[in-house]
Amino acid sequence: MSRFFEVLRSGSRTSTPESGGDSTVQVEDALRGLITQVTNEIGWLTRENQMARSDLAGRMGVSPGRLSQVLSGGENLTLGTLATLATALGAHFELELRPGPPADAHELPVNYDEA
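Keep in mind the model is a prediction, meaning the values are calculated, not measured.

Draft legend 1. Examining the overall build of the protein chain more closely. A count of helices and strands for the protein chain gives five helices and zero strands. Element order for the protein chain, N to C, with α for helix and β for strand: α-α-α-α-α. Going through the 115 residues of the protein chain one by one, you find that 23% of them count as buried. Here the contacts in the protein chain between residues at least 6 apart in sequence split such that 53% fall between residues at least 24 apart. Total accessible area on the protein chain is roughly 8,400 Å²; 53% of this is exposed by carbon and sulfur atoms.

Draft legend 2. Layout of helix α4 (residues 64-71). Every buried residue of α4 is listed here: L67, V70 and L71. The buried residues of α4 occupy one face: seen down the axis, they fall within an arc of 90 degrees. For α4, the secondary structure elements touched by its buried residues are α2 (22-48), α3 (53-60) and α5 (79-89). With its phi angle positive at about 85 degrees, G73 sits one or two positions after the end of α4.

Draft legend 3. Structural detail: the packing of α3 against α5. Where α3 contacts α5, the two axes come as close as 9 Å, and the packing angle between them is 115 degrees. Relative to α5, the element α3 lies roughly perpendicular. Along this stretch, α3 crosses α5, giving a crossing that reads as right-handed. Every residue of α5 that contacts α3 at L56, R59 and M60 is listed here: T84, L85, A88 and L89. Taken together, the residues that form the contact of α3 with α5 break down as five nonpolar, one polar and one charged.

Draft legend 4. Here's a closer look at the nonpolar core. Residues I42, L56, M60, L67, L71, L85 and L89 are the most contacted members of the largest nonpolar core, which totals 14 residues. Those elements that provide at least two residues to this core are α2, α3, α4 and α5. For this core, the element with the highest residue contribution is α5, accounting for four residues. Residues in contact with L85, not counting those within four places in the same chain, are I42, L56, M60, L67, V70 and L71.

Draft legend 5. Structural context of the pattern of salt bridges. Scanning the entire structure with this criterion turns up two salt bridges. Salt-bridge contacts for D29 lead to R32; the nearest nitrogen and oxygen are separated by 2.3 Å. Of this pair, D29 and R32 both sit in helix α2, three residues apart, which is roughly one turn of the helix. One salt bridge connects R98 with E96, and the closest N-O pair in it is separated by 3.6 Å. On the basis of relative accessibility, which here comes to 59%, the residue R98 falls in the exposed class. Here E96 falls in the exposed class, since its relative accessible area comes to 56%.

The rules behind these values
- Residues numbered from 1 in each chain as written.
- Predicted model: local features only at pLDDT ≥ 70, side-chain atom pairs only at ≥ 80, totals over all residues.
- Heavy atoms only, no water.
- Helix = DSSP H or I, 4+ residues; strand = E, 2+ residues; numbered from the N terminus.
- Buried < 20%, exposed > 50% of the residue type's maximum accessible area, 1.4 Å probe, protein only.
- Contact = heavy atoms within 4.5 Å.
- Areas by Shrake-Rupley, 256 points an atom, 1.4 Å probe, with all protein chains shown as cover.
- Arc of directions from axis to C-beta.
- Axes fitted to C-alpha atoms, helices over the stretch in contact; angles between N-to-C directions.
- Parallel < 35°, antiparallel > 145°, perpendicular 65-115°, else oblique.
- Left-handed = near helix turned anticlockwise from the far one by under 90°.
- Nonpolar A, V, L, I, M, F, W, Y, C, P; charged D, E, K, R; others polar.
- Core = buried A, V, L, I, M, F, W, Y, C linked by side-chain atoms within 4.5 Å.
- Salt bridge = Lys/Arg side-chain N within 4 Å of Asp/Glu carboxyl O.

Written as structure tokens, this is what we have:
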């Protein structure tokens, strides 16, 4: 397994002593941004479909309280949870990974297999 996927799987931070922890902040900011984007999209689609959260929870096979936990951003959303949400909404997610601003060379290893 590559270092990249080990980091994702373990939830480890990517900061290094050389970076002073800056990459940890970047990862946390990116995570908050993703959670916000996902929850905004789900909220928009439920409003468009005039679907109550309790209906969405029922379609997902979870309690409304569990759905609130998932959508509150208090935990990591798994790909399985995202797939369940999309199926319950009759929708799908499209993922696009684009280059971001240049990172400091000390923040993340270039080749994750060698890290």
